[in-house]
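Chain by chain, the residues:
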Amino acid sequence: MSVVTKPDQAPAPVETVTLTIDGIEVTVPKGTLAIRAAETVGIAIPRFCDHPLLDPQGACRQCMVEIPDMGNGRGFPKPQASCTIEVAPGMKIQTQRTSEVAAKAQRGMLELLLINHPLDCPICDKGGECPLQNQAMSNGGGSSRYEGVKRTYPKPVPISAQILLDRERCVLCARCTRFSEQIAGDPFIALVERGALQQVGRYADHPYDSYFSGNVVQICPVGALTSAAYRFQSRPFDLVSTEVTCEHCAAGCQLRTDHRHGVVRRRLAGEAPAINEEWNCDKGRFAFVSARGDDRLRTPLIRENGELRAASWPEAIDAAVAGLTAAGKKVGVLTGGRLTLEDSYGYAKFARAVLGTNNVDFRTRPVGEGEAAFLVHQVAGRTFGDGLTYSDLENAKRVFLVGFEPEEESPIVFLRLRKAVRKKGQSVTAVAPFLSSGNAKLKATLVPTLPGAEAEAVAGLTLSAGDVILVGERAALAPGALTAVVEAADAADARFAWVPRRAGDRGAIEAGCLPSLLPGARPVTDVAARVDVATAWGLESLPPLEGLEAPAMLAAAADGDLAALVVAGVELSDFADAQAARAAVEKVGFVVSLECRRSEVTEAADVVFPVALIEEHAGTYLNWEHRPGRVNTVIKQLNAPMTDLRVLAALADAMGTPLGFRTAAQALAEFTELGTWDQPIKPEVGTRTRGRAAKKAKPAVAETVKLATWRMLLDGGRGQDGEEALAATAKPTVARLSPAQAAAVGVSTGDSVVVTSPAGWYELAVEVTASMIDGAVWVPTNSPGTPIGELGVVHGDDVVLSVGGAQ
């Protein structure tokens, strides 16, 4: 398809400036800093405080240059910091390469910085990758003239449970404080005192509990800030680095994973300007040790006389094949968010080609009516570039959030929106029950919405062409909300994007892990689509009827209509009704579990296969943009653990229908060759998503209110197990009430309130929130002590409030 650019759409010409740096003529855009202009011609000026993603500060004075001509025939009498000087036409700049004045100024600054800097490089975490080390060697003097006693402080000082400060190493570059204020929006640390006493400090009553605090460790140029997780763990030159894609959410962050002696030691944010720039969240940085405990599965298990026992691989495969064969086509396949695109494709093919069923669903979480149809018609089949990207988000004038909390559910989306709000004046509007702390950092306008009434709120929005709507998976729980988003976007020529919470969800859709969708966005009910896939797979036919969704599978398992379940990467507490999910897994005749560590599913399973961790195998994640992100093998072993694909291939071979691939590369090649369905999928008449029509939520009476709930970034999820310092920075678990609702119940901030459903109750501390809508209570979905799935209710359901202690 050709793109025609209209005259009025032509990009505005960029005004440029021509100057001379070290005798080299340079032309750069107007407003470019001198230090950046030098970089364009390969001239590196030493610096500590300068960072391309932070506002200029001029704090360290290390980047001094001589400017004999400002472009007007006059020069600066003294060296200037090149990180704060904008270039001008005709300007002449001399760096340390051609000017002894500049070189002497830089040597002097380094000598001053090193006066009180401790000589602890051999034990410093930054040693070997330290800008101060490097620049002292390349730009500093060969010896020190200082003979006094160096200043010392007690160390380390914990500015949070996760981040530790060695004050004597600090060179006061202000990178950490600028990042916290400008990028993350968490100004909980600052430079305090003055002169020789100046240091990084925090608020006495407010630790540095930011979701992005790990970034300050990475950008600190001297090792003054270290993490509790990595401190004294390794030397940088002993580490082997591998580029990976984060598995914790659908943002698609590119990371650098460092390992030593076969053990992952740390993770750092990778440089991916189009995705996460140079940042990542603390969950992606620190939460990688969950499977190192005693519950790691290392050998197959089979159930014998009611107890699980260790078994050989052939014995376990034979037991699984016997159970699945006996179940016939009365089998369901439930997959979780840890699976890569290749893994999901393997499960989708295994379900259809080997088990002969379309009962496969990745949505092992609360599922809304009409959600599957929305995913089929509005999400599946897109490729990167078809829809919204991070760049589009950053450049949009207005962004609307529906059923989506960026800071909690996709932190890098949050950072990109915050950047747009700060730098470009972007307007953000949140359709939510209250203004969360994350949305407050985006200066968002709140559209107070009772849980379940999102469709009405969306219908009342005033949209314009070019506006962007970000809709989260939680919106599917509100009747008609997905339909309302699509119709509102179409009517205003706006755009929308579905942002799931889990890393593997986008790939699972394309791979066909939906009961109504074959791989490559092919509808199950389309004869031509089935023939296309069957031919590619070498089969005579595929099952023609849509399968059961995840909740229906569990209900059928509990009723005996399903005889077996194949479960991979699923936590039963994630379902809308966790107790019902447990009952279903316990009642079904046969369960096969493929898992990394013991779980509720493995304890109820008849056959358990241990599979590789994310760092032990390769694959691909598709992020919310539909952008592929490579998962490279970090830990390479001779006797590598079996992957999901290898286990499925072994089962398929034993059942007489080979899967056709055993590795991620082979699975991806087959999936790519199959391609995307090129025929339009027609939605049903009268609706685009088969969702229920929008209706008003019932008004709350007495203490019966609507439940608002979503997951926090740091919660009770098992993927964060083993990292106590990270868990200590999680937000407190509270129940949020409006002032009027709190008064009606008879509680205030600090009191306790009981939230009751037909299935049970929780008692939580109250936090009265001024922006909270009346008639609702907000409770985190899966924070420690409040797995909402145990109450059998979801966002928008009715719950009853009462004063704590009265239950």
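Data block above holds the structure.
Please read all numbers here as calculations on a predicted model, not as lab measurements.

*Asks:* Could you clarify how one ought to interpret unusual backbone geometry in this entry?
*Replies:* Peptide bonds are, in most cases, trans, and in most cases residues other than glycine have a negative phi. The omega torsion across Lys 155 and Pro 156 is -10°, close enough to zero to call that bond cis. With respect to the helices, strands and loops of the structure, Pro 156 is situated in the loop between helix H3 (131–139) and strand S6 (157–158). In this model, His 261 sits at a positive phi of 55°, which is unusual for a non-glycine residue. Its location among the elements puts His 261 in the loop between strand S12 (254–260) and strand S13 (263–269). For His 261, a relative accessible area of 69% corresponds to the exposed category. Positive phi outside glycine occurs at His 626, with the angle close to 75°. On the secondary structure map, His 626 appears in the loop between strand S28 (619–622) and strand S29 (628–631). The buried category is assigned to His 626, whose relative accessible area is 11%.

*Asks:* Quick question: what am I supposed to make of helix H12 (residues 411–424) here?
*Replies:* The α-helix winds at 3.6 residues per turn, so residues separated by three or four positions along the chain end up facing the same way. Look at H12: 19 Å from first C-alpha to last across 14 residues, which is about the 20 Å you get at 1.5 Å a residue. Here H12 lies mainly inside the structure; 10 of its 14 residues are buried. Turning to H12, its buried residues number three or more, namely Pro 411, Ile 412, Val 413, Phe 414, Leu 415, Arg 416, Leu 417, Arg 418, Ala 420 and Val 421.

*Asks:* Please explain empty space enclosed by the protein as it appears in this structure.
*Replies:* The gaps left among the atoms become clear once a water-sized probe is rolled over them. This model, assessed by the stated rule, comprises 9 cavities of 30 Å³ or more. Here the largest cavity is characterised by a volume of approximately 330 Å³. Tallied by class, residues from the lining of the largest cavity come to 9 nonpolar, 6 polar and 7 charged.

*Asks:* How should I be thinking about the sheet that holds strand S7 (residues 163–165) in this particular structure?
*Replies:* Strand pairing in a sheet relies on backbone hydrogen bonds, with the paired strands running either antiparallel or parallel. Spatially, 3 strands are ordered S6-S7-S10 in an open sheet, and the strand pairing comes out antiparallel. The open sheet terminates on both sides in strands that have one partner only, identified here as S6 and strand S10 (225–227). Relative to S10, S7 runs antiparallel, the two sharing 3 bridges. Looking across to S10, one finds that Leu 165 is bridged to Leu 225.

*Asks:* Before we go on, may I ask you to explain the pairing of strand S16 (residues 331–335) in this structure?
*Replies:* For a regular strand, side chains alternate in direction, first toward one face of the sheet and then toward the other. By the criterion of burial, S16 is predominantly enclosed, with 5 of the 5 residues buried. Residues of S16 alternate between two faces, with Val 331, Val 333 and Thr 335 on one and Gly 332 and Leu 334 on the opposite face, all of them buried. Where S16 lies against strand S25 (residues 564–568), 5 bridges are found, and the strand directions are parallel. Each residue of the ladder has a partner; that of Val 331, found in S25, is Ala 564. The parallel pair S16 and strand S17 (residues 360–361) is bridged by helix H8 (residues 341–354), and the resulting crossover is right-handed.

*Asks:* Explain the packing of aromatic side chains to me, please; I cannot follow it from the model alone.
*Replies:* The geometry of an aromatic ring pair is captured by two quantities: the separation of the ring centres and the angle between the planes. Across all of its chains, the model carries 11 aromatic pairs by this definition. Centre to centre, the rings of Tyr 345 and Phe 661 are 5.6 Å apart; their planes meet at 25°, and the pair counts as stacked. Linking Tyr 345 in helix H8 with Phe 661 in the loop between helix H21 (644–654) and helix H22 (664–674), this pair joins segments that are 316 residues apart in sequence. Like Phe 661, Tyr 345 is buried. Summarising the aromatic geometry, the rings of Tyr 390 and Trp 624 are spaced 5.2 Å apart at their centres and angled 80° between planes, so their arrangement reads as edge-to-face. Of this pair, Tyr 390 sits in helix H10 (residues 390–395) while Trp 624 sits in the loop between S28 and S29, and the two are 234 residues apart along the sequence. The exposure classification of Tyr 390 matches that of Trp 624, with both residues buried. A connected cluster of aromatic rings, assembled from ring pairs, spans Tyr 345, Trp 537, Phe 661 and Phe 671.

*Asks:* Looking at this structure, how should I read the pattern of salt bridges?
*Replies:* If you walk through the whole model with that rule in mind, you get 60 salt bridges. Taking the shortest distance from any N to any O, the salt bridge between Arg 47 and Asp 50 comes out at 3.2 Å. Across the pair, Asp 50 and Arg 47 agree in class, each one buried. Here Asp 721 ties to Arg 597 by a salt bridge, and the two come within 2.9 Å at their closest N and O atoms. Of this pair, Asp 721 sits in the loop between strand S30 (704–708) and helix H23 (724–727) while Arg 597 sits in the loop between strand S26 (590–595) and helix H20 (600–604), and the two are 124 residues apart along the sequence. Because the salt bridges share partners, they merge into one network encompassing Asp 361, Arg 363, Arg 365, Glu 371, Glu 473, Arg 501 and Glu 549.

*Asks:* Would you mind showing me how to read the sheet that holds strand S2 (residues 24–29) here?
*Replies:* Ordered by their spatial adjacency, 5 strands build an open sheet running S2-S1-S5-S3-S4, and the pairing between neighbours is mixed. Strands at the two margins of the open sheet, each flanked by one partner only, are S2 and strand S4 (80–81). Relative to strand S5 (residues 92–94), strand S1 (residues 16–21) is paired through 2 bridges, and the arrangement is parallel. Among the inter-strand pairings, Thr 20 is bridged to a residue of S5, identified as Lys 92. Across the sheet, helix H2 (residues 100–115) lies against strand S3 (64–69) and S5, angled at about 155° from S3, the strand it touches most.

*Asks:* Looking at this structure, how should I read the pairing of strand S21 (residues 468–472)?
*Replies:* Within S21, 5 of the 5 residues are buried, which leaves the element mostly enclosed by the surrounding structure. Sheet topology note: the S21/strand S22 (residues 495–499) ladder contains 5 bridges and is parallel. Looking at S22, one finds that Ile 469 is bridged to Phe 496. Between S21 and its parallel partner S22, the chain crosses via helix H15 (residues 481–492), and the hand of that crossover is right-handed.

What counts and what doesn't
- Residues numbered from 1 in each chain as written.
- Predicted model: local features only at pLDDT ≥ 70, side-chain atom pairs only at ≥ 80, totals over all residues.
- Heavy atoms only, no water.
- Helix = DSSP H or I, 4+ residues; strand = E, 2+ residues; numbered from the N terminus.
- Buried < 20%, exposed > 50% of the residue type's maximum accessible area, 1.4 Å probe, protein only.
- Expected span 1.5 Å × (residues − 1).
- 1 Å grid on protein atoms, 1.4 Å probe; cavity = no way out; pocket = protein on both sides within 12 Å on 5 of 7 lines; lining within 4 Å.
- Points joined across faces, edges and corners; volume = space filled by probe spheres on them.
- Nonpolar A, V, L, I, M, F, W, Y, C, P; charged D, E, K, R; others polar.
- Pairing = 2+ DSSP bridges.
- Right-handed = clockwise from strand over helix to strand, strands pointing away.
- Phe/Tyr/Trp six-rings, centres within 6.5 Å; stacked < 30°, edge-to-face > 60°.
- Salt bridge = Lys/Arg side-chain N within 4 Å of Asp/Glu carboxyl O.
- Contact = heavy atoms within 4.5 Å.
- Axes fitted to C-alpha atoms, helices over the stretch in contact; angles between N-to-C directions.

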